[in-house]
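Tertiary structure, described
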Amino acid sequence: MAEVNTGDGGGHGKHDKKRAKKLSTRIDMTPMVDLAFLLLTFFVMTSTFNKAKTMEINFPAEPKSDDQRQKVNNALTFIMSKDNSIYYYYGEFYPAGNDKGNPATTLEKTNFSKDGLRKLLLDKNRSTVEEVNKLTEQLKSREIADSTYKRLVVNAKGSKGALTVLIKADDKALYRNVIDLIDELNICQVGKYAVVDMMPAEFELVTAAGAK
Amino acid sequence: MPKIKMPKASPSLDMTPMVDLAFLLVTFFMLTATVRVSEPVVVDSPSSTSDKILPDNVMMISIDKFGKAFFNISNPQVRISTLERMGEQYKIQFNDDEKKRFGAMTSIGVPMDKLKDYINFDDSQRQKVKSPGIPVDSTNNQLGDWIQFGRIEAAKLAKSEKDKAESAGRDFKYEPLRFAIKADGAASYIAVQDIIKIFTKKDIYRFNLITNLEQEAE
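Residues numbered from 1 in each chain as written. Chains lettered and ligands numbered in written order. Predicted model: local features only at pLDDT ≥ 70, side-chain atom pairs only at ≥ 80, totals over all residues.

1. Looking at the overall build of chain A
Using the following cut-off: Numbering goes from the N terminus for both helices and strands, where a helix is a DSSP run of H or I of at least four residues and a strand is a run of E of at least two. Placing a C-beta atom from the backbone of each residue, one calls two residues in contact when those atoms lie within 7 Å.
Looking only at helices and strands, one finds 6 helices and 6 strands in chain A. When the helices and strands of chain A are read in sequence order from the N terminus, they spell out α-β-β-β-β-α-α-α-β-α-β-α. A separation threshold of at least 6 residues defines the contact pool for chain A, and within that pool the share at least 24 residues apart is 69%.

2. As for the sheet that holds strand E3 (residues 86–90) of chain A
All names here are of chain A. The condition that has to hold: Two strands are said to pair when DSSP picks up at least two bridges between them. Lines are fitted to the C-alpha atoms to define the axes, a helix being fitted only along its stretch in contact, and any angle between axes, read from their N-to-C directions, falls within 0 to 180 degrees.
Pairing is mixed in the open sheet, where 5 strands are placed in the order E4-E3-E2-E5-E6. A single partner strand is all that each edge strand has here, and the edge strands are strand E4 (108–110) and strand E6 (192–195). Averaged over all neighbouring strand pairs, the angle between strand axes comes to 25°, with direction disregarded. The pairing of E3 with E4 spans 3 bridges and is antiparallel. Pairing of Ile86 across the sheet is with Thr110, part of E4.

3. Thoughts on the confidence of the model for chain A
If pLDDT is low for a region, its predicted coordinates should not be looked at in detail. All names here are of chain A. Keep this limit in mind: Scored from 0 to 100, pLDDT reflects the predictor's confidence in each residue.
Summarising the model, chain A shows a mean pLDDT of 76, and 80% of its residues fall at 70 or more. Least confident of the elements in chain A is helix H6 (residues 200–211), whose mean pLDDT is 78; most confident is helix H5 (residues 175–187), at 85. Counted against residues more than four places away or in other chains, residues 7–14, with its pLDDT under 50, gives 1 contact.

4. As for the interface of chain A and chain B
On the chain B side, the residues contacting the 37 residues of chain A number 42 residues. At the level of elements, helix H1 (30–48), strand E1 (53–58) and H5 of chain A are the ones that each hand at least two residues to the side of chain A that touches chain B. Among the elements that line the side of chain A that touches chain B, the one with the most residues is H1(A), at 10 residues. Across 6 bridges, E1(A) lies against strand E6 (residues 206–213) of chain B in antiparallel orientation. Note that in E6(B) the partner of A:Ile57 across the bridge is B:Phe207.

5. What to know about the domain arrangement of chain A
All names here are of chain A. Defined as follows: Source of the domain bounds: an automatic or database domain assignment. Side-chain classes follow a simple rule in which Ala, Val, Leu, Ile, Met, Phe, Trp, Tyr, Cys and Pro form the nonpolar group, Asp, Glu, Lys and Arg form the charged group, and the remainder, Gly included, forms the polar group.
Considered domain by domain, chain A is made up of domain 1 (70–122 + 163–211) and domain 2 (126–161). Spacing between the C-alpha centres of domain 1 and domain 2 amounts to 27 Å. In terms of residue class, the side of domain 1 that touches domain 2 is built from 3 nonpolar, 3 polar and 1 charged.

6. Focus on the pairing of strand E5 (residues 164–169) of chain A
Residue and element names in this part refer to chain A. Note: strand E2 (residues 75–80) against E5, 6 bridges, orientation parallel. By the bridge assignment, Thr77 is partnered in E5 with Leu166. Pairing geometry for E5 and E6, over 4 bridges, is parallel. Bridged to Val165 within E6 is Tyr193.

7. A word on helix H3 (residues 126–140) of chain A
Quick reminder of the rule: Here the expected span of a helix is defined as 1.5 Å times the quantity of residues minus one.
An ideal rise of 1.5 Å per residue puts 21 Å on 15 residues; H3(A) measures up with 21 Å between its terminal C-alpha atoms. Note on H3(A): the residue one or two positions beyond its end, A:Arg142, has a positive phi of about 60°.

8. Looking at unusual backbone geometry
Spelled out, the test is: Exposure criterion: with C-beta atoms placed from backbone coordinates, a residue whose C-beta has 20 or more other C-beta atoms within 10 Å is buried, one with 12 or fewer is exposed, and one in between is partly exposed.
Its identity is not glycine, yet A:Gln189 carries a phi of approximately 60°, on the positive side. Note on placement: A:Gln189 falls in the loop between H5 and E6. In this structure, B:Asp203 takes a positive phi of about 60° despite not being glycine. Structurally, B:Asp203 can be placed in the loop between helix H7 (189–201) and E6. What makes B:Asp203 exposed here is the crowd of 7 C-beta atoms within 10 Å.

9. A word on the packing of helix H3 (residues 96–103) of chain B against helix H4 (residues 112–120) of chain B
All names here are of chain B. In plain terms, the rule: Note on angle classes: values under 35 degrees are labelled roughly parallel, values over 145 roughly antiparallel, values of 65 to 115 roughly perpendicular, and the remainder oblique.
Two elements in contact, H3 and H4, have axes whose closest approach is 9 Å; the angle formed by their N-to-C orientations is 80°. By the angle between their directions, the pair H3 and H4 is classed as roughly perpendicular. Contacts between H3 and H4 pair Glu98, Arg101 and Phe102 from the former with Lys116, Ile119 and Asn120 from the latter. Split into classes, the residues belonging to the contact of H3 with H4 amount to 2 nonpolar, 1 polar and 3 charged.

10. Some words on the environment of B:Phe199
Residues and elements named next belong to chain B. Note on placement: Phe199 falls in helix H7. Overall, Phe199 belongs to the buried group, with 21 C-beta atoms counted inside 10 Å. Sequence separation between Phe199 and Phe179 is 20 residues; the distance between their C-alpha atoms is 9.0 Å. Residues in contact with Phe199, not counting those within four places in the same chain, are Ile147, Phe179 and Ile204.

11. Some details on the packing of H3(A) against helix H4 (residues 146–158) of chain A
Two quantities define a packed helix pair, namely the angle between the axes and the distance from one axis to the other. Residues and elements named next belong to chain A. Where H3 contacts H4, the two axes come as close as 9 Å, and the packing angle between them is 175°. It follows that H3 is roughly antiparallel to H4 by the angle criterion. Across the interface between the two elements, Thr128, Glu131, Val132, Leu135 and Leu139 from H3 touch Tyr149, Leu152, Val153, Ala156 and Lys157 from H4. For the contact of H3 with H4, the per-class residue count stands at 7 nonpolar, 1 polar and 2 charged.

12. What about the confidence of the model for chain B?
Mean pLDDT for chain B: 82, with 93% of residues reaching 70 or above. Here the predicted complex scores 0.73 on pTM and 0.73 on ipTM.

13. Describing the environment of A:Tyr90
Positionally, A:Tyr90 belongs in strand E3. On a C-alpha basis, the gap between A:Tyr90 and A:Glu108 in space is 9.3 Å, while along the polypeptide they are 18 residues apart.

Put into structure tokens, the structure is as follows:
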């Protein structure tokens, strides 16, 4: 006990001097483990980001003739144009000087910000959003089952009072704009939407609005 | 030297189980990792909040920034038989080696008359070649033919696999061919719409639009 171990790396205590050096049977595995974990990390990182995400969408069939154009209630029509701009109008389209005597449709402009598109959609689609929120509450408190929830949400989105959205794009609109809009519709619980062709009268309106 | 020896706690742990586990995982990930073959086109797909995962059995049309179309089918067997059918249609003979190479390739974006050369290039040459995209004009609608034959061959393969499974008494899980569109966010929407019209003319209305998952929550 009186000995003081100086702890210098090179020398051994005087009692060890006569002993034969014992060879350890163990190999230092640290570098191997390091390497293994490095590889493991690499493969884990690369494999998870590989799978692409996707958005399912149905496109409408080509209409056989213009007369078959369906009348939709509670419809909001978006027209995408150059420089990420979005125009919209609510209800049916009336060209200037139509025979029914309705005022001509004018386009409103909006944008992808929170106060623009999101506010507009939530406002127009309030009944469905409230319905879906209520269902989500019920699901959380375990009042309804998972499958029932899914069915009821689909029903609510497809109900008669729910908002219908028509998406149209002119030749200067980007694909990204259309995807962003569809994404926004999904967020705002709009179940009925379609990407359709533009009417010539609408195209004129958009061109006039864009030139301003 | 004290008379009673204290049991010396070894500072080195036994790492064998950990190493075993680590190597097991490394092996697993190495085997499951798919070799990413370089695509002839860079597509920067737009982002969305959708978190659905792309199904495995897909026919994918990539559309780049300039509206050029590229065609790809995930199943190699279907790729090869589609190539045979396209060869018949356009009077081009492909030998077995070419078919095999085509089966292992990714998207193609060359018209039929250049396809033979394109298949025979090696990888480094292929990367240098600028793909002009598959013709989609109404007079020379090669993409339409690719879609048509790809769809028929996929259905044929599914049928033969179903028969095989049924005769062996196994269950067969039918996975329908899905149609994926991977377009660049900066592509004009009209270019994408033209491609979609080719599909809708063939009574295909359901698509998977490929997007990136939006990172930050708003």
